[in-house]
Amino acid sequence: MALLENSVGVEDLVLLEPLDEESLLKNLQLRYESREIYTYIGNVLVSVNPYQQLPIYGPEFIAKYQDFTFYELKPHIYALANVAYQSLKFRDQDQCILITGESGAGKTEASKLVMSYVAAVCGKGEQVNSVKEQLLQSNPVLEAFGNAKTIRNNNSSRFGKYMDIEFDFKGSPLGGVITNYLLEKSRVVKQLKGERNFHIFYQLLAGADEQLLKALKLERDRSGYAYLNQEVSRVDQMDDASNFKAVQSAMTVIGFSEEEIRWVLEVTAMVLKLGNVKLSEEFQANGISASGICDGRGVQEIGEMMGLNSEELERALCSRTMETAKEKVVTALSVIQAKYARDALAKNIYSRLFNWIVNRINESIKVGTAEKKKVMGVLDIYGFEILEDNSFEQFVINYCNEKLQQVFIELTLKEEQEEYKREGIPWKNVDFFDNSVICNLIERNQQGILAMLDEECLRPGVVSDSTFLSKLNQLFVKHSHYESKVSQYAQRHYDRTMDLNCFRICHYAGKVTYNVTGFIDKNNDLLFRDLSQAMWKAQHPLLPSLFPEGDPKQASLKRPPTAGSQFKSSVAILMKNLYSKNPNYIRCIKPNEQQQRGQFSSELVATQARYLGLLENVRVRRAGYAFRQAYGLFLQRYRLLSRSTWPHWNGGDREGVEKLFEELSMSSEEVAFGKTKIFIRSPKTLFYLEEQRRLRIQQLATLIQKIYRGWRCRTHYQLMRKSQILISSWFRGTMQKKRYGKIKASVLLLQAYVRGWKARKDYRKYFRSGAALTVTGFIYKSMVQKFLLGLKNNLPSTNVLDKKWPAAPYKCFNTANRELQQLFYRWKCKRFRDQLSPKQVETLREKLCASELFKGKKAAYPQSVPIPFHGDYVGLQGNPKLQKLTSREEGPVLVAETVRKVNRGNGKTSSRILLLTKRHVILTDSKKSQAQTVIGLDSVAGVSVTGFKDGLFCLHLSEISSVGSKGDFLLVSEHVVELLTRMYRAVLDTTQRQLPITVTEQFSVKFKNSNVAVKVLQRGDGNGKLTCKKKGSHCLEVTLS
């Protein structure tokens, strides 16, 4: 019973306590703010427009509500639609769903939801799906031609719609019939401030392509049409262009041919262009005022579209033919009368076009078979209206709502009475407001307001709205539900809010004051015969069929029925239809005037609640017993309140319920036992049962929790005990196994010692005591002999680069094997050296020295390894001048090559010849061949060289030398590794000291009295050009590119 469990507020207002308007509004507001927009009044659904898309619709919710009964889930429109469909399908009861409410309350959306639910749950199949699609696609077509933007609603239905959907015996749709009521055709020619004309006009101008607009003689600019309100041309969240495409598609689905769609759009365009026909004042020869057309082009275009001569159309608009039995009289119309005729023509064309569209849809969706059908009607009609200025339209709308309220009261009481009778419960007459007196006041034959209005319209003589009001005052001056100034004066009541041209009716929803101005004209709804005949003569394929009365063969002097009598007849047929069906009600409510989500205006909702008679509905439902439910469901829910029925009851459902109430000691006046249902009079009793059930559930939940916790603890304890026993047994077994293993090992050890002792004792009896050592020594010598002989046969090659050596066969020979390997390798090296000449030995010593100095330090070293040191790179033997620079005491020249000397001032380089002897380093000009600088090796303090592939190096000289006073030498050599190696050996031989050679990229060079920091940078691979650049006075930057 979801309506009492976990609900927001009260889901069924029948159970509301206290029952008054304030509590009803608070309950609706509470549910609305919690996004619960649906509330029940018994089987009546109250829907509050949320003005937003809520996640409570779609296939998932349709399937959910399809499987449950009415009260098992939260209130929802799907629940009501499901009850109606299931009753139609399984009980063969024709159904009717009445949707009422103000404009903007969501009636159209509610009817769409009902139809979408029925379409989703009914049968499947190609034909069935086609019928369902046609029924659903009728909505966008009717909305385009019958809906408009109003102050209260952006998509307001300006007509009443009743659709009968017909089903076969299986519950599959066969077709349907649509009936429309009272289209607001006055909107075609005039709209209030902030409102629009019907949607189709804006959709046509926005969505039609240029070719279609040209064919219809229309311009896309909406400001050029007098019938369209220029203040409001667009509506938020509404795309007129895409909606026009949707309307065309829907018409195609329904079955409209391309020609019929074009005819409809042409007639729509004619209505638009009629509003642009301008009339001017003219005078006849006798001086009588007449009217004429200002711009003949507009009339000519309309005539071309109608297939009518423009002169004939102009004549019909500006003159009128009065015909009697003997003669015809043609009178000219004044400008005011001509404008009335033009607007009347536009309104009639559009109204009849709308009726034709409805009839054309009915032709497509009508049922072709004559088999027995089940019918579900959906009524989407305007709700009760009280405006500041109420006219004829509000009068007939409120009359229709009075009739619907009468149907609701009668059918609801009838349903209640039948259920009481069916269940054997005594029925007591219910006091309620019977609005039949108001219905009779309006519709009574010959003496009702509509009858007086028709009589006033038909009688000869001077007829006006004031004479109609005078007749009403005479007839109803003493009526309890009629008021006017005359009746108030008669009763000595003075109400300054009521004008002399008004009367007031006390409707069921409140008092409404009507202004009689325009009643006569709106009731007459006259269209001059000249215009009807002109439309009938038109060559347009559709237009003549809309005006059959224009046919001269069918011409009649009898006046057509008035709008009031036509509406009265339509309402009578509707009421007859509703009485023949089982009604289901949806009351739609608008929460605020701004169409904003989340806002709830209590005053506005209270007014609508009175109009809809919600409080009256609740009182009727609660007239007898507020709640009733089948015995089985009731016992299933509340059996836990009695010890006799809980937890098991083996008797009948009714006996169980009786036993339950007997133990609860409930008053007999609060409960009645029907044949299949239990009836509870007061909601307080039901709430008491719910509270007791809640407390009992808490007790049972506590009991279940206690038993569960005990069971869980016992189970846990048993598992832990079982686990502990198992672990203990395994532990004891493991400990015993370990103890047994230790005892067994000890016993075996003792046995081994004892056996050994016995064996040794027996051995000493028969053998010498040193035999074991002798045998061991013999075995070891044999193993050594075998190892050495095997090594002799497997010696590796004598190549000094071959370091292979066989492994020892036993670990005890590893040390001896390594010693033998080293001896063999030294022998190979000595043998290799003995084979070398003294010159080769000297070369290897130089290479060894170079390796010690530069290996792993300078990038140019690996390239110098395979190249032998040559020494003479300038052709010294062929140059006597250079030979003279060295004395015989100097010995041979170790290195002679061309180097580049870095200038101390600007960093530029110049070519020099460098000669290295055992005692000196001589630098001479390559051109003059004269010694410029002679540096003793004992003056060389050290050498700095880079780690790159370049040949840059610096000779650091000691300060005590004569040359050293000038500063260090910064040189660049192509054979820097050879030069520095031989210089290092020469210094070592001459001075018995090691020459310091530093490999670095940053070093300091002394130039005269200042030190210069040399910084070497490498860019790229470093094999390119060497560039020196002075950076200030104390820095020299060398770049390798």
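Residues numbered from 1 in each chain as written. Predicted model: local features only at pLDDT ≥ 70, side-chain atom pairs only at ≥ 80, totals over all residues. Heavy atoms only, no water.

- Within an unreviewed UniProt entry, the label attached to the protein reads Unconventional myosin-Ia, and the organism entered is Rhinolophus ferrumequinum.
- If you open the UniProt record of the protein and go to Function (unreviewed entry), you find "Involved in directing the movement of organelles along actin filaments."
- Looking at the protein in UniProt, the text filed under Sequence similarities (unreviewed entry) is "Belongs to the TRAFAC class myosin-kinesin ATPase superfamily. Myosin family." (UniProt positions renumbered as here; feature names shortened; annotations may be inferred.)

Some points on the sheet that holds strand E16 (residues 582-589)
At step 1: Reading across the sheet, the 7 strands line up as E1-E2-E16-E3-E12-E6-E7 and stay open at both edges, with mixed pairing between neighbours. Each edge of the open sheet carries a strand with a single partner, namely strand E1 (38-41) and strand E7 (173-181). Neighbour-to-neighbour, the strand axes of the sheet open up by a mean angle of 20°, direction not taken into account.
At step 2: The strands touched by helix H21 (residues 563-579) within the sheet are strand E3 (95-101), strand E6 (160-167), E7 and strand E12 (374-380), with E6 carrying the most contacts at an inclination of about 35°.
At step 3: Each of E3 and E16 is contacted by helix H22 (residues 602-612), which is oriented at about 160° to E16, the strand it contacts most. (Pairing = 2+ DSSP bridges. Helix = DSSP H or I, 4+ residues; strand = E, 2+ residues; numbered from the N terminus. Axes fitted to C-alpha atoms, helices over the stretch in contact; angles between N-to-C directions. Contact = heavy atoms within 4.5 Å.)

Examining the packing of aromatic side chains
At step 1: Tallied over the full model, the rule gives 28 aromatic pairs.
At step 2: Note on Phe 824 and Trp 827: the rings are 5.8 Å apart at their centroids and 35° apart in plane angle, and the pair reads as tilted. Here Trp 827 and Phe 824 lie together in helix H28 (residues 814-834), a separation of 3 residues that amounts to about one turn.
At step 3: Every member of this aromatic cluster is reached through a ring pair, and the members are Phe 392, Phe 395, Phe 468, Phe 476, Tyr 482, Phe 503, Tyr 514 and Phe 519.
At step 4: One residue, Arg 637, lies across the ring of Tyr 638, its end atom 5.8 Å from the ring centre. (Phe/Tyr/Trp six-rings, centres within 6.5 Å; stacked < 30°, edge-to-face > 60°. Lys NZ or Arg CZ within 6 Å of the ring centre and 35° of its normal.)

A closer look at the pattern of salt bridges
For side chains of opposite charge, pairing can occur when their charged atoms come near one another.
At step 1: Throughout the structure, instances matching the rule amount to 34 salt bridges.
At step 2: Glu 36 serves as the salt-bridge partner of Lys 74, at 3.0 Å between the closest nitrogen and oxygen. Of this pair, Lys 74 sits in the loop between helix H2 (59-66) and helix H3 (77-91) while Glu 36 sits in the loop between helix H1 (21-33) and E1, and the two are 38 residues apart along the sequence.
At step 3: The partner of Glu 658 in a salt bridge is Arg 654, with the nearest N and O atoms 3.1 Å apart. You can see Glu 658 and its partner Arg 654 sitting in helix H25 (residues 653-664), 4 residues apart, about one turn around the helix.
At step 4: Judged by its relative accessible area of 31%, Glu 658 falls in the partly exposed class.
At step 5: Through salt bridges with shared partners, a single ionic network connects Arg 158, Glu 184, Arg 187 and Glu 195. (Salt bridge = Lys/Arg side-chain N within 4 Å of Asp/Glu carboxyl O. Buried < 20%, exposed > 50% of the residue type's maximum accessible area, 1.4 Å probe, protein only.)

Re helix H11 (residues 310-318)
In an α-helix, one turn spans 3.6 residues; hence positions three or four apart end up facing the same way.
At step 1: Residues Leu 313, Ala 316, Leu 317 and Cys 318 constitute the buried set of H11.
At step 2: For H11, the N-terminal cap is Asn 309; the gap from its side-chain oxygen to the backbone nitrogen of Glu 311 is 2.8 Å. (Polar contact = N/O pair within 3.5 Å; in protein donor to acceptor, adjacent residues only side chain to side chain.)

Some details on unusual backbone geometry
At step 1: For the bond running from Glu 17 to Pro 18, omega is -10°, close enough to zero to count as cis.
At step 2: In this model, Trp 646 is joined to Pro 647 through a cis peptide bond whose omega is 5°.
At step 3: With respect to the helices and strands, Pro 647 occurs in the loop between helix H24 (631-638) and H25.
At step 4: Not every positive phi belongs to a glycine, and Lys 217 is a case in point at roughly 60°.
At step 5: Mapped onto the elements of the fold, Lys 217 is located in the loop between helix H7 (210-215) and helix H8 (240-254).
At step 6: Looking at Lys 217, the relative accessible area reads 31%, which means it is partly exposed.
At step 7: Positioned with a positive phi, Gln 446 is a non-glycine residue whose angle comes to about 70°.

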